[in-house]
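# Structural characterization, general
Here are the chains, one letter per residue:
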Amino acid sequence: PCKPTKLTKFMPREKAEEAFQRAPLKEKFQNDTLISYRFNEGWLEFSLQFDNHSKLRHIYLQHKNIKNENGLEIELNR
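An account of the accompanying structure is given in this report.

What counts, and where the lines are drawn
- Residues numbered from 1 in each chain as written.
- Predicted model: local features only at pLDDT ≥ 70, side-chain atom pairs only at ≥ 80, totals over all residues.
- Heavy atoms only, no water.
- Salt bridge = Lys/Arg side-chain N within 4 Å of Asp/Glu carboxyl O.
- Helix = DSSP H or I, 4+ residues; strand = E, 2+ residues; numbered from the N terminus.
- Polar contact = N/O pair within 3.5 Å; in protein donor to acceptor, adjacent residues only side chain to side chain.
- Contact = heavy atoms within 4.5 Å.
- Core = buried A, V, L, I, M, F, W, Y, C linked by side-chain atoms within 4.5 Å.
- Buried < 20%, exposed > 50% of the residue type's maximum accessible area, 1.4 Å probe, protein only.
- Pairing = 2+ DSSP bridges.
- Axes fitted to C-alpha atoms, helices over the stretch in contact; angles between N-to-C directions.

### Overview of the pattern of salt bridges
Applying the stated criterion to the full structure yields 3 salt bridges. Asp-51 serves as the salt-bridge partner of Arg-57, at 3.7 Å between the closest nitrogen and oxygen. Residues participating in the shared-partner salt-bridge network are Arg-13, Glu-17 and Lys-28.

Given below as structure tokens:
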């Protein structure tokens, strides 16, 4: 499985979003942030999900060819 080195479970929202500072499109919502990159084959998106204390809980990779509704979960180290 893919394990990011800059992102860890329970890290503060600001730090987690910093890892995607060069992304062309970022949409922030109450408990999640959608990070989008455009490629010839379509959009590739990272959905960062936070708890009520703004700590990172889950990251999902989403693309039109990924059939799972939530996308693929990227495993986070603690």
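### Considerations on the side chain of Gln-62
Mapped onto the elements of the fold, Gln-62 is located in strand 4 (residues 56-63). Polar side-chain contacts of Gln-62 include one of 3.2 Å to the backbone oxygen of Asn-70. Discounting chain neighbours no more than four positions away, the residues touching Gln-62 are Leu-34, Trp-43, Leu-44, Glu-45, Ser-47, Glu-69, Asn-70 and Gly-71.

### Considerations on the nonpolar core
Most often, soluble globular proteins keep nonpolar side chains buried together rather than apart. If you look at the biggest cluster of nonpolar residues, it comprises 13 residues, and the most contacted ones within it are Leu-7, Ala-16, Phe-20, Phe-46, Leu-48, Leu-56 and Ile-59. Mapped onto this core, the elements with two or more residues apiece are strand 3 (42-50) and strand 4. Leave out the neighbours within four places in its chain, and Ile-59 touches Leu-7, Phe-46, Ser-47, Leu-48, Leu-72, Glu-73, Ile-74 and Leu-76.

### A closer look at the sheet that holds strand 1 (residues 25-28)
One open sheet holds the 5 strands; their spatial order is 1-2-3-4-5, and the pairing between them is antiparallel. The sheet terminates laterally at strand 1 and strand 5 (72-74), the two strands that pair on one side only. Strand-to-strand twist in this sheet, taken as the mean axis angle between neighbours without regard to direction, amounts to 20°. For strand 4 and strand 5, the ladder comprises 3 bridges, and the chain directions are antiparallel. Looking at the pairing, Tyr-60 lines up with Glu-73 of strand 5.

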